[in-house]
Amino acid sequence: MAAALAIAKTGASMQIFEKRVDPSEEGAGIQIGPNGTRILKELGVAEALSEQVASPNSLTVHEGHSGQRLANMPLGPWLAERHGSPYWVAHRVDLHKALRQQAENHPAISFELGTEVTDAKSEANGVTIFSHDDEIATGDFLIAADGVRSTIRKAKFNAPVLTYTGKSAARTVIARGSIPHGIPPDDVSIWLAPEGHVVHYPVRQGKELAIVVIRNSAEQDTGWATDIPPSWPEGAVAKFAEPVRELITASTSWRKWALYGMSPLLSWQRGRIILLGDAAHPVLPFFAQGAVLALEDACVLARELAAHSTIDDALKAYDAARRPRAELVQQASKRNGEIYHLSGAMRIARNMTLKVAPTERLMSRYDWLYSWR
């Protein structure tokens, strides 16, 4: 939807094909850094979404077992002034609703729901798409934004296989009144331990708290929303400080997804077919940038289409512009996960570094990320 909105501004007509008849978003929370909120303003969805988000003042890092605070880094007005746009946390349902309403109201964007695109044929002057061998549409080019398990990537690109990381994540949302004592309700908080970590932050103007638990798991599920018993996240925090254990027991409704990685593709383009978002660059959730990268992709693709006289040149320019950036974020996300789960002497060194490092130094490590335009 972001790609359709961005490209429609260049004067193109866009068709969105979605295999679900009712594409409701099942996710929980999402963090949107300044590089993402800046794009939402450009797409015209920020104003509507702003009524549902929270804008936390800080990101606090804790040692999971002891509960000791290791670092407190400013977000809120401080980060907004530094990068010219705020840091938001939202419910995914609210983000998707704002994007969809804007897209449905645009005269140059149409939706084809209940239509699964299973294959595509790229030719000199366009693309034909198919659903289970039946031709369904033709167009100038195809954007495959069909997720981490992209059907088009599998069909048309010599892509590496997805590799299970050995970790899975569980998510839930609780009402503000259910937040136990000792849990900051209005900040982004991370609790680190060798066996896993917990992240939580406010959504829906602070009326709810989104919680994610990541732990080692032998189960390689392929779903995004597998129902699991409360014992799964409770087991992950068995050694954590009491406030975290109480927080996890505040919900009995949890859904899990397995974390997969993939080596970078050599190209996101095959003729008039281009990949975007997780279809192009699956990102582990340790840097809170997966969805924002897709927003960046959308804007750059629209920019290149407007700047070049031919579609082929535009798609090549998009591919060249985006792959290095995406690979940097993928690497940073993977590294963050390793840092979160350090043990032994390395864990002690990490904790000491976080406690003594100046705030300005810690936050400057993110300038390359959030200052992107």
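Above this note sits the structure.
Overview of the structure.

What counts and how
- Every residue gets a number counted from 1 within its own chain, in the order that chain's sequence is written.
- Only residues with pLDDT of 70 or above have their local features reported here, since the model is predicted, and side-chain atom pairs are shown and tallied only from 80 upward, although totals for entire chains, interfaces and linings are computed over all residues.
- The side-chain quantities take in all heavy atoms of the structure and omit both hydrogens and water.
- Buried Ala, Val, Leu, Ile, Met, Phe, Trp, Tyr and Cys residues that are joined via side-chain atoms within 4.5 Å together make up what is termed a nonpolar core.
- Here's how the labels work: a residue is buried when its accessible area is under 20% of the maximum for its type, exposed when over 50%, partly exposed in between, all with a 1.4 Å probe on protein chains only.
- The way it works is that DSSP assigns letters per residue, a run of H or I at least four long becomes a helix, a run of E at least two long becomes a strand, and they are numbered from the N terminus.
- Any two residues whose heavy atoms approach within 4.5 Å at even a single point are treated as in contact.
- A pair of strands is labelled paired if DSSP reports no fewer than 2 bridges between them.
- Fitting a line to C-alpha atoms yields each axis, with helices limited to the stretch in contact; the angle taken between N-to-C directions then spans 0 to 180 degrees.
- What sets the label is the angle itself: under 35 degrees gives roughly parallel, over 145 gives roughly antiparallel, 65 to 115 gives roughly perpendicular, and the rest give oblique.
- Left-handed describes a crossing in which the near helix is turned anticlockwise from the far one by less than a right angle; the clockwise case is right-handed.
- Here a polar contact is taken to be a pair of N or O atoms separated by no more than 3.5 Å, where protein atoms must pair a possible hydrogen donor with a possible acceptor and residues adjacent in sequence count only if both atoms sit in side chains.
- Criterion for a salt bridge: a side-chain nitrogen of Lys or Arg within 4 Å of a carboxyl oxygen of Asp or Glu.
- Aromatic pairing here means that ring centres of Phe, Tyr or Trp (its six-membered ring) are within 6.5 Å. Orientation follows from the plane angle: under 30 degrees is stacked, over 60 is edge-to-face, and everything else is tilted.
- Criterion for a charge above a ring: Lys NZ or Arg CZ within 6 Å of the ring centre, and within 35 degrees of the ring normal.
- What a helix should span is 1.5 Å times the count of its residues minus one.

### A closer look at the nonpolar core
Of all hydrophobic cores here, the largest spans 98 residues; its most connected members are Ile 143 and Leu 301. It is helix H9 (residues 290-307) that contributes the most residues to this core, 10 residues altogether. Excluding residues that lie within four positions of it along the chain, Leu 301 makes contacts with Ile 7, Ile 143, Ile 274, Leu 276, Leu 315 and Tyr 318. Core analysis: the next-biggest nonpolar cluster, separate from the first, contains 19 residues, Ile 179, Trp 232, Ile 248 and Trp 254 among them.

### Side note on the sheet that holds strand E4 (residues 69-74)
An order of E4-E3-E12-E13-E14-E11-E16-E15 is seen for the 8 strands of this open sheet, with the pairing classed as mixed. Each edge of the sheet is formed by a strand with only one pairing partner; in this case those strands are E4 and strand E15 (226-228). When strand polarity is set aside, the average angle formed by the axes of neighbouring strands in this sheet is 25°. As paired strands, strand E12 (residues 188-193) and strand E13 (residues 196-203) are joined by 5 bridges and run antiparallel to one another.

### Section: the packing of helix H2 (residues 34-43) against H9
The contact between H2 and H9 brings their axes to 9 Å, and the two run at 45°. By the angle class used here, H2 and H9 are oblique. As H2 runs across H9, the sense of the crossing is left-handed. Here Asn 35, Gly 36, Ile 39, Leu 40 and Glu 42 of H2 lie close against H9, whose contacting residues are Val 292, Leu 295, Glu 296 and Cys 299.

### Some details on the side chain of Ser 251
Mapped onto the elements, Ser 251 comes out in the loop between helix H8 (242-248) and strand E16 (254-261). Here the side chain of Ser 251 touches Thr 172 through a polar contact of 2.7 Å, side chain to side chain.

### Digging into unusual backbone geometry
In the Ramachandran plot, His 132 falls in the positive-phi region, its phi being about 50° despite a non-glycine side chain. Tracing the backbone shows His 132 in the loop between strand E8 (126-131) and strand E9 (134-139). Classification of His 132 by relative accessible area gives exposed; the value is 52%. Backbone geometry at Asp 133 places phi at a positive 75°, although glycine is not the residue there. Along the chain, the position of Asp 133 falls in the loop between E8 and E9. Look at Asp 133 and you get exposed, because its relative accessible area is 74%.

### What about the pattern of salt bridges?
Summed over all chains, the structure comprises 20 salt bridges. Across the pair Asp 221 and Lys 256 runs a salt bridge, and its minimum N-O distance is 2.3 Å. Of this pair, Asp 221 sits in the loop between strand E14 (208-216) and E15 while Lys 256 sits in strand E16, and the two are 35 residues apart along the sequence. Since its relative accessible area comes to 22%, Asp 221 is described here as partly exposed. On the basis of relative accessibility, which here comes to 1%, the residue Lys 256 falls in the buried class. Salt bridges here are not isolated pairs; linked through shared partners, they connect Glu 296, Asp 297, Arg 322 and Arg 325.

### Details of the packing of aromatic side chains
Applying the stated criterion to the full structure yields 8 aromatic pairs. Between Phe 286 and Tyr 340 the ring centres are 6.4 Å apart and the planes differ by 75°, which places this aromatic pair in the edge-to-face class. Separated by 54 residues along the polypeptide, Phe 286 in the loop between strand E18 (273-275) and H9 and Tyr 340 in helix H10 (residues 311-340) bring together distant segments of the chain. Exposure remark for Tyr 340: the relative accessible area of 12% places this residue in the buried category. Ring-pair connections join several aromatic residues into one group, and the members of that group are Tyr 87, Phe 287, Tyr 366, Trp 368 and Tyr 370. In this structure, Arg 171 packs its charged tip against the face of Trp 224, placed 4.2 Å from the ring centre. Sitting over the ring of Trp 232, Arg 215 keeps its end group 4.9 Å from the ring centre.

### Focus on H9
The α-helix winds at 3.6 residues per turn, so residues separated by three or four positions along the chain end up facing the same way. Look at H9: 26 Å from first C-alpha to last across 18 residues, which is about the 26 Å you get at 1.5 Å a residue. In terms of burial, H9 is a largely internal element, 13 of the 18 residues being buried.

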